[in-house]
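Here is what each chain is made of, one letter per residue.
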Amino acid sequence: MGPPQPHPSRQTRLSCSSSNNSHRVPRGKEHQFIYQHGAKLHAYDRDKAPYPSSFDRDVLELQCMDNSMIVASKGSASFIDFKDKPPKRCLDIGTGLGLWVLSSAKAWPDATFVGLDMVNIQVPIQFLERDIAERVEWVHTNILRNKLPFDDDEFDHVHIQCLALGIPENKWYTVFEEIRRVMKPGATIEILEEDAVFPILPRWYTDPLRARGRSPATIYPGAAQQPTYPPQFDTSQLAHEHELLETLFHDVWANRFINPTPSSCIPGYFGAFFARVLSPPVLNFSTPPLAPFAPLPGVSDLPSRILNSSSNGASDRSGSVSSLLSPLTTDNTLDLSLSHSPTSTKATSAGSAKGGISPSPSVTSLRNGNGNGISTGNGNIHGTENGNGNKNGDDNANDADDKKPSRRNSEVKSVGSTTSLAGSHSSAGSANKSSRRPSVLLFASSDESTSLGGDHAVHLIPLEVMESQAEHSQFMHLYRSVTFVISTKEAMWEELMARVTAQDEELRRFGWGDADYNEQASRARFEYAVDQYQSDMRGRISLWHSLVKNGWELPPRDPLSKAEILQEVQLREDILASQRLADTGEPEPPCRKVRLIVGVKES
């Protein structure tokens, strides 16, 4: 029996949107979108704009989450402390919804702003407060094809965020050259970029689900039901259940000549054009522990054999074996990453109100070159290679190290190196060896990251505030990474069709037979693979858990029969047993990797 027909989808069509009041339909590519298999994509040709992510609502909302976390943690949308002399004219490249512009416009009432993007998705000017609207302008152009439409030496400050995954590596010199042209002498620039990480699920999590033909929806509210038909091939020879999608995800970047790890490549290009370069170590956000199992409707206590099986090596850490079975409690203290208005400029946490926000290097010290790491004009960057970004055995760094889990080299170099970790890590990490609360952050080790600028660079990131975030905020970071992976679905489909057209024999490892090397059958298998990944990841993310911890009600479930209750209890037992057997005491690879770089244009 062959695979089912592909999911029904809408025909490809064009959509136009505009942020002005004109009834005339704009004709530029920046106002047009293509709807393909339910995904909202930009209308540029791939060779002119290779950015692979969709512009669906859930993807755009990730910008709100990032902006809220930065403003709540830092107290400002900018990582540079301008003190009482903020810039007068600012440019935000890759502005997206325009959240950085709006947040900064509230903080700097005398500054004017230009938000630049290749598509028109910004908040319409007419919906902004009058004081903000008079100082904000949205400009649309493709910086890979066109010069920036601004005069030389026009801007005092440039902000760039999440642009790198749309820039081919051979275009960076041209892009930075143009950016430098429009900056005034002495102007500052800050870049915040994120690596393309494909979160994977270990075998101890997926094998029990497949063995019983169940989906995460049986144990985690909100997870999708199992896709419509089981895979018709043995996945035990794969590194992990979702290796096909991971392979296609890496193909997306390789075939667009985009470096998926901008944290490692951008500093070299950046240093060839800007001086006084400061950059903290790469921030690795920890993969969250396994969330507690959701309470079963109508069941007050789980069988004693589950409690007994978790007694060995239990700890107080959320995510350990014992915590999976603990009664669900609600924490009324809102998480920093969830409790902040996207356009507010004041921190809302108690820690921030008490001065818990880390100081940033002032713009004066940045321009005067007081930092220890300086980039010269030839691109040679000098700095201290230090995993935690501190120098000379700083006492504060030693105290922080006592609170951190053991470090490990978790750099993802290739598909092979990523998938080789799939079955060997436990989400509980070293919880069985220590009852200390783990940090939300895992700092990059010294052999995979270089801190530029010493203590000045470290102070750019509010480490104390970020590390104080509740552990369940980690689930939101995993959600962000998974949502971005899904946003490249149609780009992954293009890569799969290229393999199908070429009759790639490697696809047989993923269940392709002779009858599957056509668009219809391949689309069906692809849709199944994506559905299964989403289903498994929704269960792993357990978004309901983060929401309940922030005061929301637990999603209701229909009553279960006695047979269904016994099946769920057995499934939970299997997952716990599988996790214990696979626990190596090491954390899973990070779910997010972020790097900040700041610099100055010298005369």
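S.K.: How should the overall build of the protein be read in this particular structure?
M.R.: A count of helical and extended segments in the protein gives 19 helices and 14 strands. Each of the 603 residues in the protein was classed as buried or not, and the buried ones make up 57%. Pairs at least 24 residues apart make up 82% of the contacts formed inside the protein by residues separated by at least 6 positions. As displayed, the protein offers around 25,400 Å² of accessible surface, 49% of which is attributable to carbon and sulfur atoms.

S.K.: So what exactly am I meant to see when it comes to the packing of helix 1 (residues 57-74) against helix 2 (residues 99-107) here?
M.R.: Helix-helix packing: each pair is described by the crossing angle between the helix axes and the interaxial distance. Contact geometry of helix 1 with helix 2 gives a least axis separation of 10 Å together with a crossing angle of 30°. Considered as vectors, helix 1 and helix 2 are oriented roughly parallel to each other. Between helix 1 and helix 2 lies a crossing whose hand is right-handed. On the side of helix 1, the interface is formed by Q63, C64, N67 and V71, while helix 2 contributes L99, W100 and S103. Here the contact of helix 1 with helix 2 is built from residues that sort into 4 nonpolar, 3 polar and no charged.

S.K.: I keep staring at unusual backbone geometry and nothing clicks. Help me out?
M.R.: Positive phi, close to 55°, is recorded for K83, a residue that is not glycine. Considering the arrangement of structural elements, one finds K83 in the loop between helix 1 and strand 4 (89-93). Of note, R276 is a non-glycine position whose phi angle comes to about 55°, a positive value. With respect to the element layout, R276 can be found in strand 9 (residues 275-278).

S.K.: Would you explain the pairing of strand 2 (residues 32-36) in this entry?
M.R.: Remember that side chains alternate between the two faces of the sheet whenever the strand is regular. One ladder, built from 4 bridges, connects strand 2 with strand 3 (residues 39-42); its direction is antiparallel. Directly across from F33, in strand 3, lies its bridge partner H42. Between strand 2 and the antiparallel strand that follows it, strand 3, lie 2 residues; H37 among them carries a positive phi value of about 50°.

S.K.: I keep staring at the confidence of the model for the protein and nothing clicks. Help me out?
M.R.: Interpretation of this model should avoid reading the predicted coordinates in detail wherever pLDDT is low. Residues at a pLDDT of 70 or more form 66% of the protein, whose mean pLDDT is 75. This stretch, residues 1-25, has a pLDDT under 50; its non-local contacts, to residues over four places away or in other chains, come to 50 contacts. With pLDDT under 50 throughout, residues 444-449 is counted as low confidence; its partners more than four residues away or in other chains account for 19 contacts.

Rules and cut-offs
Residues numbered from 1 in each chain as written. Predicted model: local features only at pLDDT ≥ 70, side-chain atom pairs only at ≥ 80, totals over all residues. Heavy atoms only, no water. Helix = DSSP H or I, 4+ residues; strand = E, 2+ residues; numbered from the N terminus. Buried < 20%, exposed > 50% of the residue type's maximum accessible area, 1.4 Å probe, protein only. Contact = heavy atoms within 4.5 Å. Areas by Shrake-Rupley, 256 points an atom, 1.4 Å probe, with all protein chains shown as cover. Axes fitted to C-alpha atoms, helices over the stretch in contact; angles between N-to-C directions. Parallel < 35°, antiparallel > 145°, perpendicular 65-115°, else oblique. Left-handed = near helix turned anticlockwise from the far one by under 90°. Nonpolar A, V, L, I, M, F, W, Y, C, P; charged D, E, K, R; others polar. Pairing = 2+ DSSP bridges. pLDDT = per-residue confidence, 0-100.

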